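Architecture at a glance
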Amino acid sequence: MKQEETTTLVLDVKDPQNRKEAIATAAAILQKGGLVAFPTETVYGLGANALNEKAVKSIFAAKGRPADNPLIVHISDREEVLPLVSSFSMTARLLAEKFWPGPLTMVLPVSDAVPKIVTAGLDTVGIRLPANDYARELISAAGVPVAAPSANVSGSPSPTSAEHVYHDLAGKIDLILDGGSCEVGVESTVLDLVGSVPVVLRPGGTPAEDLLRYLPDLVVPGLDVAEVEGIPRAPGMKYRHYAPQARLLLVAGAPEKVAATIRKEIASWQARGSKVAVLASRENAAGYKADVVVVLGGRERPQEAAQHLFAALRELDDSGADIILAESTDQSGLGYAVMNRLWKASGGDIIQAR
Ligand code: AMP
Ligand code: MG
């Protein structure tokens, strides 16, 4: 069935004069079963009333998202988790106290209140209380839990600005609330609390180091999450993610060796007639004589890298490069989430710098 094009309204929620009206308009759309893209501290979400099956179905259609990839349900207050789950353990309670509002999604046993389409038929549900004020105001005004995946076309880099959302979904959704750029820049950490030990299913905005302080038995899989044996994977992990049009090669190794290897790779790809782009640290950027150089952030500043990552991947795509050479980043804190996204964008194409 061909989808009808709708007119996508964009409202600036940053402007204090507009804020109340913009939130009220967005909340009314959610209540009527429509789709609203809204800012969160991680990335922009594409929201629908989580209790309205038909509305949730239209999220999958707008994004081209496979039906077996479950959605995260967003709430505006800790207490709102209770009707959505069949049990809420002491551990979950403690984590909610320490990490909510914030970029942590907890996977918990689902209650009958949540339609199957939200969880892709699983007996668990991912729930998050976002830290972004506009997001919480919207959910609270709508008066319902809001199911929301990232507001991009499935497979492309997640959106960290209203412009990214518009680029991907204009004509397919009712409204975009423009709340400026996202602070964290990578999606939430997805934490499974249903198994015998807690497991990070997807690294993200809440560093594993922070979770380990409260969960000493936390399992944090290696970078290539999809291939770790015996670990319950996030259902969405099998899909191609964050993939730029160009081939992305991730260059791993000690910092000095990485720069030298990238310089050699640039020369050899250019000699073969390729247009070459580099995703570089600020420290190394000036040393690359590539066709395009995009700076991700300072070498020792994973937070900055996380914030710029998805915009950088989109910029690299727009540059029309054939090959993208990406420096590996430090894996502490948010660096682990950044490397996970780069690894996925590379499809496992890694050059070991020696
Ligand atoms: P996105 O909303 O696009 O950031 O994707 C949501 C992520 O959360 C995907 O990787 C899902 O697989 C994961 N997720 C959501 N709900 C569950 C659940 N019940 N169990 C495991 N993973 C989940
Ligand atoms: Mg997504």
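The rules we used
- For every chain, the first residue of the written sequence is number 1, and numbering continues from 1 along that sequence.
- As a convention, the first chain written is A and the first ligand written is 1, with the rest following in written order.
- Two thresholds apply to this predicted model, a pLDDT of at least 70 for residue-level local features and 80 or more for giving and counting side-chain atom pairs, whereas whole-chain, interface and lining totals are computed over all residues.
- Side-chain metrics in this entry use all non-hydrogen atoms of the structure; hydrogen atoms and water are not considered.
- We count a stretch as a helix when DSSP gives it H or I for four or more residues in a row; a strand needs E for two or more, and each element gets its number in order from the N terminus.
- Categorising residues by exposure relies on relative accessible area from a 1.4 Å probe, with only protein chains included: less than 20% of the type maximum marks a residue as buried, more than 50% marks it as exposed, and the intermediate range marks it as partly exposed.
- Any two residues whose heavy atoms approach within 4.5 Å are treated as being in contact.
- Take the residue count of a helix, subtract one, and multiply by 1.5 Å to get its expected span.
- One fitted axis covers the seven residues ending at a residue, a second covers the seven starting there, and the bend at that residue is the angle between these axes.
- Residues are said to line a cavity or pocket when one of their atoms sits within 4 Å of a point; the points come from a 1 Å grid over protein atoms alone, cavities being sets where a 1.4 Å probe fits but cannot get out and pockets being open sets with protein on both sides within 12 Å along at least five of seven lines.
- Grid points are joined across faces, edges and corners, and a volume is the space filled by probe spheres set on the points.
- The criterion for strand pairing is that DSSP finds at least two bridges linking the strands in question.
- Note on definitions: angles span 0 to 180 degrees between N-to-C directions of axes, and those axes are lines fitted to C-alpha atoms, for helices only across the stretch in contact.
- Salt bridges, as used here, are contacts in which a Lys or Arg side-chain nitrogen is within 4 Å of a carboxyl oxygen on Asp or Glu.

Quick word on the side chain of threonine 42
In this fold, threonine 42 is placed in the loop between β2 (36-38) and β3 (45-49). Residue classification places threonine 42 among the buried positions, given a relative accessible area of 4%. Discounting chain neighbours no more than four positions away, the residues touching threonine 42 are Pro103, Arg128, Thr160, Cys182, Val184, Gly185, Val186, Glu187 and Ser188.

Details of helix α11 (residues 335-346)
Under the 1.5 Å per step criterion, the end-to-end length of α11 is 16 Å for 12 residues, consistent within 8% with the ideal 16 Å. In terms of residue burial, α11 counts as a mostly covered element, since 12 of its 12 residues are buried. Restricting attention to buried positions, one finds in α11 the residues Gly335, Tyr336, Ala337, Val338, Met339, Asn340, Arg341, Leu342, Trp343, Lys344, Ala345 and Ser346. One or two residues past the end of α11 sits glycine 347, with phi positive at roughly 60 degrees.

Thoughts on helix α10 (residues 302-318)
The α-helix advances 3.6 residues per turn, and as a result positions three or four apart in sequence lie on the same side. The end-to-end C-alpha distance of α10, which contains 17 residues, comes to 24 Å, matching closely the 24 Å that a straight helix rising 1.5 Å per residue would cover. The largest bend in α10 is about 45 degrees, located at leucine 309. With its phi angle positive at about 75 degrees, glycine 320 sits one or two positions after the end of α10.

Here's the deal with empty space enclosed by the protein
For the structure shown, the criterion picks out two cavities of 30 Å³ or more. Here the largest cavity is characterised by a volume of approximately 110 Å³. Lining the largest cavity are 14 residues, with Ser281, Gly297, Gly298, Arg299 and Thr329 sitting closest to its centre. When residues of the lining of the largest cavity are traced back to their parent elements, those giving at least two are β12 (276-281), β13 (292-297) and α10.

Details of the sheet that holds β12
The parallel open sheet is built from five strands, whose spatial order is β13-β12-β14-β11-β15. Bordering the open sheet on either side are β13 and β15 (350-352), each of which pairs with just one other strand. For this sheet the average axis-to-axis angle between neighbouring strands, irrespective of direction, equals 25 degrees. One ladder, built from three bridges, connects strand β11 (residues 247-252) with β15; its direction is parallel.

Thoughts on the pattern of salt bridges
Across all of its chains, the model carries 12 salt bridges by this definition. Between arginine 136 and aspartate 133 there is a salt bridge, with its nearest N and O atoms 3.0 Å apart. With arginine 136 and aspartate 133 both in helix α5 (residues 133-142) and three residues apart, the pair spans about one turn of that helix. The exposure class assigned to arginine 136 is partly exposed, which follows from its relative accessible area of 23%. Using a relative accessible area of 42% as the deciding quantity, one classes aspartate 133 as partly exposed. As a salt-bridge pair, arginine 301 and glutamate 304 come within 3.7 Å of each other at their nearest N and O atoms. The exposure class assigned to arginine 301 is exposed, which follows from its relative accessible area of 52%. Several salt bridges converge on common partners, so that one network encompasses Asp12, Lys14 and Asp178.

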